[in-house]
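# Overview (structure and organization)
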Amino acid sequence: MKVEFQNLSKQYEPEQIILHPMNFADDVHTLAIIGPSGGGKSTLLRILGGLIAPTTGKLWVDGEEILQNETALQQYRKKIGFVFQQGGLFRHMSARDNIAVPLEQVHGYSREHAEERAMELLARFGLKEDAEKKPAALSGGQQQRVAIARAVAARPKLLLLDEPTSALDPEFTTEVLNVIRELKEDGMRFIIVTHEMGFARHACDRAAFLCEGTLMEYGESARLFDHPETEQLKRFLGKLLQWNIS
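Numbers given for residues are sequential positions, taken from 1 along each chain in its written order. It should be noted that, the model being predicted, local features are given only for residues of pLDDT at least 70 and side-chain atom pairs only at 80 or more, the latter also being counted only at that level, while totals for whole chains, interfaces and linings use all residues. Excluded from the side-chain calculations are hydrogens and water; all other atoms, namely the structure's heavy atoms, are used.

## Some details on the overall build of the protein
In terms of helices and strands, the protein carries 9 helices and 10 strands. Restricting the calculation to C-alpha atoms gives the radius of gyration, and the globule rule supplies 2.2 Å times the number of residues raised to the power 0.38. Here the C-alpha radius of gyration of the protein, 18 Å, is about what a compact globule of 246 residues would show, namely 18 Å. Along the longest, intermediate and shortest principal axes, the C-alpha atoms of the protein span 55 × 45 × 30 Å. In this scheme, a residue with accessible area under 20% of its type's maximum is buried, one over 50% is exposed, and one in between is partly exposed, where area comes from a 1.4 Å probe on protein chains only. A burial count over the protein gives 50% of its 246 residues as buried. Sequence-distant contacts, at least 24 apart, represent 65% of the contacts inside the protein between residues at least 6 apart. We get accessible surface area from the Shrake-Rupley algorithm with a probe of 1.4 Å; when it comes to residues, only the shown protein chains can shield them. In the form shown here, the protein has an accessible surface area of approximately 11,900 Å², with 47% of it arising from carbon and sulfur atoms. Two residue types count as positive, namely Lys and Arg, and two as negative, namely Asp and Glu; His and chain ends fall outside the count. Note that the charge is assigned to NZ on lysines, CZ on arginines, CG on aspartates and CD on glutamates. Averaging the coordinates of the 29 positive side-chain charges in the protein and doing the same for the 34 negative ones gives two points 1 Å apart. Secondary structure elements follow DSSP: runs of H or I of four or more residues count as helices, runs of E of two or more count as strands, with numbering from the N terminus. Residues count as neighbours in contact if any of their non-hydrogen atoms are within 4.5 Å of one another.

Listed below in structure tokens is the structure:
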């Protein structure tokens, strides 16, 4: 999937620049966005997902310009799956309904077809026995697996994940990363903002390093991790040497 943007930036106040103008163009399969906190990673992901508008610049996906009006964005969002840091599940709904209701109300599925698809995904992600549980009765890892199931249920062109493991214990982090890896093996294209450097290094074809609102490095994951070019990326990775990312 070709993703391209030109002169893309975001700022809220004259002195609050989140993203400096940046350009990018490549065919995205599996991309990890890494970098220190406050570097603009989540903001960039939300712009790519049509959730917030850039201050300047244009965005194209598969050669189609993403126009920044609500009618166009609503249609675009239907083609994108999004997983947030804490899942964003509907607290009053069961795991099954968290998947089925959006299919029915947003994507036009019949109720029967929506429930069938929901149960198919819950079974695939090891949650069939938890279908009737509400989020409060699920572990953090289970909640994120439901959130991922909901995001991929309508078979999106691209899956965007914003630090999906940031609030999880290590065992639940592994659960969620394994699900994402399985999706990659099935051919799902995704962009993930993550602090899990081992996953970024081994499971993502390419990586982008954002720091101070600037896209400082981009390329094959192995190259960024093994041969960083900027001092900023060298320092960032140097702080993580206690983790095994080789």
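## Observations regarding the pairing of strand S4 (residues 56-61)
By definition, two strands form a pair when at least two bridges between them are found by DSSP. As paired elements, strand S1 (residues 2-13) and S4 share 5 bridges and run antiparallel to each other. Counterpart to Ser9 in the pairing with S4 is Thr56. Pairing between S4 and strand S5 (residues 64-65): 2 bridges, direction antiparallel. Note that in S5 the partner of Trp60 across the bridge is Glu65. Between S4 and the antiparallel strand that follows it, S5, lie 2 residues; Asp62 among them carries a positive phi value of about 55°.

## A look at the sheet that holds strand S7 (residues 158-162)
A sheet is described by the order of its strands in space; here 6 strands give the open sequence S6-S7-S8-S3-S9-S10, paired in mixed fashion. Two strands close off the open sheet at either side, each with one partner strand: strand S6 (80-83) and strand S10 (214-220). Here the strands of the sheet are splayed against their neighbours by 15° on average, with no regard to which way each runs. As defined by bridge partners, S7 adjoins strand S8 (residues 190-193) across 4 bridges and the pair is classed as parallel. In the strand pairing of S8, Leu160 is matched with Ile191. In this description, a line fitted to the C-alpha atoms serves as the axis of each element, helices being fitted only across the stretch in contact, and the angle between N-to-C directions of two axes falls anywhere from 0 to 180 degrees.

## Some points on the nonpolar core
In summary, soluble globular proteins display a tendency toward joint burial of nonpolar side chains. Counting 50 residues, the largest nonpolar core has Ile34, Ile99, Ile148, Leu159 and Ile180 as its most contacted members. The contacts of Leu159, once residues within four sequence positions are left out, are Gly81, Phe82, Val83, Ala151, Val152, Leu183, Met188, Arg189, Phe190 and Ile191. To qualify as a nonpolar core, a set must consist of buried Ala, Val, Leu, Ile, Met, Phe, Trp, Tyr and Cys residues joined through side-chain atoms within 4.5 Å. If you look at the next biggest cluster of nonpolar residues, it comprises 28 residues, including Phe5, Met22, Ile66 and Phe82.

## Remarks on the environment of Phe190
Looking at the element boundaries, Phe190 is found in strand S8. A sequence separation of 100 residues divides Phe190 from Phe90, and the C-alpha atoms of the two residues are 23 Å apart. Leave out the neighbours within four places in its chain, and Phe190 touches Val28, His29, Thr30, Leu31, Leu158, Leu159, Leu161, Ile180, Lys184, Phe199, Ala203 and Cys204.

## Remarks on the packing of aromatic side chains
What characterises a pair of aromatic rings is the spacing of the ring centres plus the angle enclosed by the ring planes. Pairing of aromatic rings covers Phe, Tyr and the six-membered ring of Trp, with a centre-to-centre limit of 6.5 Å; geometry is then stacked below 30 degrees between planes, edge-to-face above 60, and tilted otherwise. Within this structure, the stated rule accounts for 5 aromatic pairs. Where Phe5 meets Phe24, the ring centres are 5.4 Å apart and the plane angle is 20°; that geometry is what we call stacked. On the criterion of sequence distance, the pair formed by Phe5 in strand S1 and Phe24 in strand S2 (residues 16-27) is long-range, its members being 19 residues apart. Residue classification places Phe5 among the buried positions, given a relative accessible area of 4%. Clustering of aromatic rings is evident, with ring pairs tying together Phe5, Phe24 and Tyr218. Lysine NZ or arginine CZ positioned within 6 Å of the ring centre and within 35 degrees of the ring normal marks a charge as sitting over the ring. Cation over ring: Arg150 sits above Phe90, and NZ or CZ is 5.3 Å from the ring centre.

## Comments concerning the sheet that holds S5
Pairing is antiparallel across the open sheet formed by 4 strands, whose spatial order is S2-S1-S4-S5. Strands with a single pairing partner mark the edges of an open sheet, and in this sheet they are S2 and S5.

## Side note on the packing of helix H5 (residues 140-152) against helix H6 (residues 170-185)
If you want to describe how two helices pack, look at the angle between their axes and the distance between the axes. Following both chains from N to C, one finds H5 and H6 inclined at 20°, their axes separated by 8 Å at the closest point. Here H6 runs roughly parallel to H5, going by the angle between their axes. Viewed along their axes, H5 and H6 form a crossing whose handedness is right-handed. Note on element contacts: H6 touches H5 through Phe172, Glu175, Val176, Val179, Ile180 and Leu183, opposite Gly141, Gln142, Gln144, Arg145, Ile148 and Val152. The residue classification treats Ala, Val, Leu, Ile, Met, Phe, Trp, Tyr, Cys and Pro as nonpolar and Asp, Glu, Lys and Arg as charged. All others, Gly included, are polar. Residue composition of the contact of H5 with H6, grouped by class: 7 nonpolar, 3 polar and 2 charged. For classification, angles of less than 35 degrees are called roughly parallel, those exceeding 145 degrees roughly antiparallel, those between 65 and 115 degrees roughly perpendicular, and all remaining angles oblique. Left-handed is the label given to a crossing in which the near helix is rotated counterclockwise from the far helix by less than a right angle, and right-handed is the label when the rotation is clockwise.

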